[in-house]
Amino acid sequence: MRQDRSSGKKAEPGYRHADPVTDAALDWFVRLLDAPADPTTLAAYRAWRQSDARHAQAFDRLTEVGGMAELHSATLAHVPANPVPMRRPGHSRRAWMGAIAATGLLAVVGTHLYPDLKTRWSADHRTAVGERREVALPDGSRLVLDSDSAVALAFGGEERRVALLRGRAWFDVVRDTARPFRVVAGFSTVEVTGTAFSVQSDDRGDSVFLERGRVTVSRLDDPGRPVTLAPGDRLTATARGLTMQPRPDPAEALSWRDGRYAFHNERFDTVVDTLRRYHAAPILLLDDRIGMTRVSGNYRLDDPAGALKALAGMVGARISSLPGGILVLR
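Quantities reported herein were computed from a predicted structural model and do not represent experimental measurements.

K.L.:
Quick question: what am I supposed to make of helix α2 (residues 39-51) here?
P.N.:
In an α-helix, one turn spans 3.6 residues, which is why side chains three or four residues apart end up on the same side. Counted at 1.5 Å a residue, the expected span for α2 with its 13 residues is 18 Å, and the 18 Å between its end C-alpha atoms agrees. Taken together, the buried positions of α2 are Thr41, Leu42, Ala44, Tyr45, Trp48 and Arg49. Viewed end-on, α2 has its buried residues packed into an arc of 165 degrees, placing them on one side of the element. Exposed residues pointing more than 90 degrees away from the buried face of α2 are listed as Pro39, Thr40, Gln50 and Ser51.

K.L.:
Honestly, the pairing of strand β13 (residues 222-229) in this entry has me stumped. Any pointers?
P.N.:
Looking down a regular strand, the side chains alternate between one sheet face and the other. Summarising the sheet, strand β12 (residues 215-219) and β13 pair through four bridges and their orientation is antiparallel. Directly across from Thr216, in β13, lies its bridge partner Thr228. Linking β12 back to β13 in an antiparallel pair, the connection comprises two residues.

K.L.:
Help me out: how do you make sense of the packing of aromatic side chains in this one?
P.N.:
Any aromatic ring pair is given by two values, namely how distant the centres are and how the planes are angled relative to each other. Applying the stated rule across the entire model yields six aromatic pairs. Between Phe171 and Phe197 the ring centres are 5.1 Å apart and the planes differ by 20 degrees, which places this aromatic pair in the stacked class. Here the residue Phe171 occupies a position in strand β7 (residues 159-172), and Phe197 occupies one in strand β10 (residues 196-202), the gap between them amounting to 26 residues. In terms of burial, Phe171 and Phe197 fall into one category: buried.

K.L.:
Please clarify how the sheet that holds strand β17 (residues 283-285) should be interpreted in this entry.
P.N.:
Each strand in a sheet pairs with another by means of backbone hydrogen bonds, the pair being arranged parallel or else antiparallel. As summarised here, the arrangement of the three strands in space is β17-β20-β19, forming an open sheet in which the pairing is mixed. In this open sheet, the two strands that pair with only one neighbour each are β17 and β19 (319-321). Across the sheet, the axes of successive neighbouring strands diverge by a mean angle of 15 degrees, strand direction being ignored. Taken together, the three bridges between β19 and strand β20 (residues 327-329) define a ladder with antiparallel strand orientation. Paired with Ile319 across the strands is Leu329, a residue of β20. Its contacts with the sheet place helix α8 (residues 268-276) against β17 and β20, and it is angled at close to 165 degrees to β17. Helix α10 (residues 304-315) contacts β17, β19 and β20 of the sheet and is inclined by roughly 20 degrees relative to β20.

K.L.:
Sorry, what's going on with the pattern of salt bridges here?
P.N.:
Note that side chains of opposite charge can pair when their charged atoms are close. Within this structure, the stated rule accounts for 22 salt bridges. For the salt bridge of Glu159 with Arg161, the shortest nitrogen-to-oxygen distance reads 3.1 Å. The class for Glu159 is partly exposed, based on a relative accessible area of 35%. A salt bridge links Arg267 to Asp269, with the shortest nitrogen-to-oxygen separation between them at 2.6 Å. A residue is classified by how much of its surface remains accessible, and Arg267, at 30% relative accessible area, is partly exposed. Salt bridges sharing partners connect three or more residues here, namely Glu134, Arg142, Asp172 and Arg212.

K.L.:
Where do I start with the environment of Arg234 in this structure?
P.N.:
If you trace the backbone, Arg234 turns up in strand β14 (residues 234-238). Those residues in contact with Arg234 that lie beyond four places of it in its chain are Ser207, Val208, Phe209, Thr243, Met244, Gln245, Pro246 and Pro248.

K.L.:
How do you make sense of the nonpolar core when you look at a structure like this?
P.N.:
The tendency in soluble globular proteins is for nonpolar side chains to be buried as a group. Ranked by size, the top nonpolar core spans 29 residues in total, and within it Phe268, Leu275, Leu311 and Leu329 carry the most contacts. Of all elements in the fold, only β16 (260-267), α8, β17, β18 (294-300), α10 and β20 reach the threshold of two or more residues within this core. Looking at which element gives the most residues to this core, the answer is α10, with six residues. Ignoring anything within four residues of it in the chain, the contact list for Phe268 reads Leu285, Ile290, Gly291, Thr293, Val295, Leu311, Val315 and Leu329. Within the second largest apolar cluster, 24 residues are counted, among which are Val190, Val192, Val217 and Ala237.

K.L.:
Even after reading the chapter, I still don't get unusual backbone geometry, so can you show me in this structure?
P.N.:
Excluding glycine, residues mostly carry a negative phi; peptide bonds, for their part, are mostly trans. Even without glycine at this site, Asp148 takes up a positive phi of about 50 degrees. Summarising the element assignment, Asp148 is placed in the loop between β5 (142-145) and β6 (150-156). In this model, Asn265 sits at a positive phi of 55 degrees, which is unusual for a non-glycine residue.

K.L.:
What should I look at first to understand the pairing of strand β9 (residues 188-192) in this one?
P.N.:
Along β9, four of the five residues are buried, which leaves the element largely enclosed by surrounding structure. Here four bridges tie strand β8 (residues 181-184) to β9, and the two strands are oriented antiparallel to one another. Bridged to Val183 within β9 is Val190. As consecutive antiparallel partners, β8 and β9 are separated by three residues.

K.L.:
Is there a simple way to think about the side chain of Asp139 in this case?
P.N.:
Of note, Asp139 is situated in the loop between β4 (133-136) and β5. Here the side chain of Asp139 touches Ser141 through a polar contact of 2.9 Å, side chain to side chain. Engagement of the side chain of Asp139 in a polar contact is seen with the side chain of Arg160, the distance being 2.5 Å. With near-sequence residues (within four places) excluded, Asp139 lies in contact with Phe155, Arg160, Val174, Arg179 and Phe181.

How each quantity is defined
- Every chain is numbered independently, its residues counted from 1 as its sequence is written.
- Where totals are concerned, whole chains, interfaces and linings use all residues; where local detail is concerned, this predicted model gives features only for residues with pLDDT of at least 70, and gives and counts side-chain atom pairs only at 80 or more.
- Hydrogens are left out, water is left out, and the side-chain values use all remaining heavy atoms of the structure.
- Secondary structure follows DSSP: runs of H or I at least 4 residues long count as helices, runs of E at least 2 residues long count as strands, and numbering of each begins at the N terminus.
- Each helix should span, by expectation, one fewer than its residue count multiplied by 1.5 Å.
- Note on classification: 1.4 Å probe, protein chains only; a residue is buried when its accessible area is under 20% of the maximum for its type, exposed when over 50%, partly exposed between these limits.
- Directions drawn from the helix axis to the C-beta atoms are what define this arc.
- Following DSSP output, two strands are said to pair if at least two bridges run between them.
- Ring pairs shown here join Phe, Tyr and Trp side chains whose ring centres sit within 6.5 Å, with only the six-membered ring taken for Trp; geometry is labelled stacked below 30 degrees between planes, edge-to-face above 60, and tilted in between.
- Axis definition: a line fit to C-alpha positions, over the contact stretch in the case of helices; interaxial angles, taken between N-to-C directions, run 0 to 180 degrees.
- Should any heavy atoms of two residues lie within 4.5 Å, those residues are considered in contact.
- A side-chain nitrogen of Lys or Arg and a carboxyl oxygen of Asp or Glu constitute a salt bridge if their distance falls within 4 Å.
- Note on terminology: a nonpolar core comprises buried Ala, Val, Leu, Ile, Met, Phe, Trp, Tyr and Cys residues joined through side-chain atoms within 4.5 Å.
- Here a polar contact is taken to be a pair of N or O atoms separated by no more than 3.5 Å, where protein atoms must pair a possible hydrogen donor with a possible acceptor and residues adjacent in sequence count only if both atoms sit in side chains.

Dropping the structure here:
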């Protein structure tokens, strides 16, 4: 459970904003959602709001997020004129869910609504959310781009190089011992002469899974100590180093190529992170305890909302749909 920074009371766990004042405002949204008419809660909220002008500004800012149509439809249309959360006839819980979603959207809106312009300019091939695409490379090799992924190519002379700018890709590389094939991701370089493997990259690290053949993986900042993988091996590369992971079921590790997401005994928050990549609107998970629950399943990636609804029932989560396709789990 999270500690409410202003009142000292426990608040519901979940999303944590980098700004402590805004995070406290989120705590109040969550608490008022569960008890919008409770006199004690309302009195504590008013005391917090009046104790510092920044508190009122942060709380009101969450109900006044504007300038973007997606946020406007998800929040402002459902927030009462008086920011003090009194129960009114016809006032629904959905209004407060929209307000809570606004806080999370402040952190993820750039990713979901405004793709990185640098990636757009740099990429030779990219996919939209929910799209997969096979690409024939100049040397006869091929790659499959997963949802919301992008690559830049450099082929010529003795060079065969692919920069994975975002997302995940599977490679089937034509053998050429004279020209090693390199994939450069956020934290690592994968080098092969001929093989099949996948690479996934995000801000936290890279993940390499070898289907067949052999590859070497080295860190970008420490290329002198590569690690060699054998078929079935999986390795992660982060700022801390290279780490071998438990060998996954190959059918699960590559199920995304067939439009499926197969997983076994995964944390629910890990599953949510994966499904976010296939859902065009933000997905917010507001309960850390639910996030730690282990789940297994096999779902179609073209229906991430359906998969989440099924999984929510397994972990005891409530799922709410907001305008614009936004999903909130708590």
